[in-house]
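Residue-level listing of the chains:
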Amino acid sequence: MRPLLLFPDRDLPTDLADPADEHLVEDLRLDVLWDAMARDDEHVRATARRVLLDPLQDVAVIDHRQSVLADFLEHPAELRALHRLADTAVRAEQALPHGSGEGLLRRSVRALEVASGHLRALRESGSRFTAPPLVRLFAELRERVGEAYLGEVADVLRRLRFEDGIVVGARLGDGPGDVVYQVREPGDAAEVKRLRKSGLRHRIIGHDEQDWRAMAAFRAEALGDIAVAVTESAAHVTGYFRALRAELAFYLGCLNLAEDLAGVSAAPTCWPDPTAASVTARGLWEPCLALWSREAVVGNDINTDTDTDTDTGELPLVVVTGANRGGKSTFLRSLGLAQVMAQAGMFVCAESFAAPPAPAVLTHFTRAEDRSMASGRLDEELGRMSALVDRARPGALLLSNESFASTTDHEGAEIAEGVLGALVDSGVRVVAVTHLHLLAERLHRTRPGLFLVAGGGFRVVPGAPAPSAQAAALYDQVMGG
């Protein structure tokens, strides 16, 4: 059995995050999001990180997760109880003493006895859920882990304790000196009586420690195959609870996040539409800023759908200009977080949000001056951009925040226009925030795109880039002043 709550046909993979994802984590402030999801539970945090850094591209899997999460958000107490049950099952197995030989057998038998009780409790816990993946999970438990089955398991485990001793048959093996042991069914009184009459017996009185060691070695060898089989069975059941705990941990993190966001902002959340061909959003807001500031955050709208009589598709380029501290970077993060959360199967912080899945979400944000840099800031920016280009694929989303603003306006515009233009031509969707008017003006003149301007009240609205005296703001942004 497998829980299959995150994927319809496979388990949660191990952590395969690319080290380059650390730039995404820093730029979008994902640590703030994961802290809210975890509530000091490191396992929940690690699972949330693993899931969000492995974006889904299959719309069916996104729908799968949305249905499960929606059901859990309707039944928060049941979700917490399920996660607590799975966590208890895993911790109970971990608390059992380890051993080898017959000790390993005893540990595995005890692990299966404990797990049987947890399976019974789990089976009876899902009566209120309606999401198809959850209905399947509990139907499978009722079918395969019924009382009759658990009764048979309890009987087998009782016999595997060998409280009345063991009866072992032996025969010669294939090689010289080889002996093959076979444990007989305990309680075979006729077999025991026949063996006693044969006179083939060796009695251990107990005065010689060597005798007891020999007997322990004999029992361990005789019970070796059984110990291996029982241990594998215990590992399978424990593995089921580990997988269930990991998958429930993600949904528990989503529940924690939803509750925290509701406590700091009345702004709405929504279920994103991953079937759209372009990005559209109403009231899109930045959850990490809301969690950090504990205040409501202004929402913004975006629509990259061309929707003209001659063309139906997506504008591949979005350029945001305007005064510093006008909400441009916040808008960019809100868009990136929405894309990441949508492709994790989560809700999104907006009145409505629609976007096609991206093969990768890439970020290139300006960095403050760092004394540890081995080269100049422009070299550092170029190095990071080169690494992003290597990862870019058609359909990927690149969020650029003041890229190449560390050099002159003219040089920065030349570099950015060439790099961003080549990415757009390769099928990458680019959203760029820039103070470089020369860059914005060139892009506005030569490329189709959506051009936004930061206006009052931290809102961005459609508008053509315009020159303005923003030298002080640019200096503060670039130099970290």
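Residues numbered from 1 in each chain as written. Predicted model: local features only at pLDDT ≥ 70, side-chain atom pairs only at ≥ 80, totals over all residues. Heavy atoms only, no water.

1. Remarks on the overall build of the protein chain
Counting its secondary structure elements, the protein chain contains 17 helices and eleven strands. The buried share of the protein chain, reckoned over its 481 residues, is 46%. Counting every atom, the protein chain has about 23600 Å² of accessible surface; 52% of that belongs to carbon and sulfur. (Helix = DSSP H or I, 4+ residues; strand = E, 2+ residues; numbered from the N terminus. Buried < 20%, exposed > 50% of the residue type's maximum accessible area, 1.4 Å probe, protein only. Areas by Shrake-Rupley, 256 points an atom, 1.4 Å probe, with all protein chains shown as cover.)

2. Here we look at the pattern of salt bridges
Evaluated as defined, the whole model comprises 28 salt bridges. The salt bridge involving D87 is made with R245; its shortest N-O contact spans 2.9 Å. Of this pair, D87 sits in helix α5 (residues 76-95) while R245 sits in helix α11 (residues 224-264), and the two are 158 residues apart along the sequence. With a relative accessible area of 17%, D87 lands in the buried category. Residues R447 and D425 are paired through a salt bridge, measuring 3.0 Å at the closest nitrogen-oxygen approach. Of this pair, R447 sits in the loop between α16 (437-446) and β10 (450-454) while D425 sits in helix α15 (residues 409-425), and the two are 22 residues apart along the sequence. Bridged by salt links that share partners, the residues R39, R80, E259 and D260 form one connected network. (Salt bridge = Lys/Arg side-chain N within 4 Å of Asp/Glu carboxyl O.)

3. So, the side chain of K328
Relative to the assigned elements, K328 resides in helix α13 (residues 328-342). For the buried residue K328, which engages in no salt bridge, the nearest side chain bearing the opposite charge is E402, 4.7 Å off. Each residue touching K328, except ones within four places of it in the same chain, is listed here: V320, T321, G322, A323, E402, V433, H435 and A454. (Lys, Arg positive; Asp, Glu negative; His and termini not counted. Contact = heavy atoms within 4.5 Å.)

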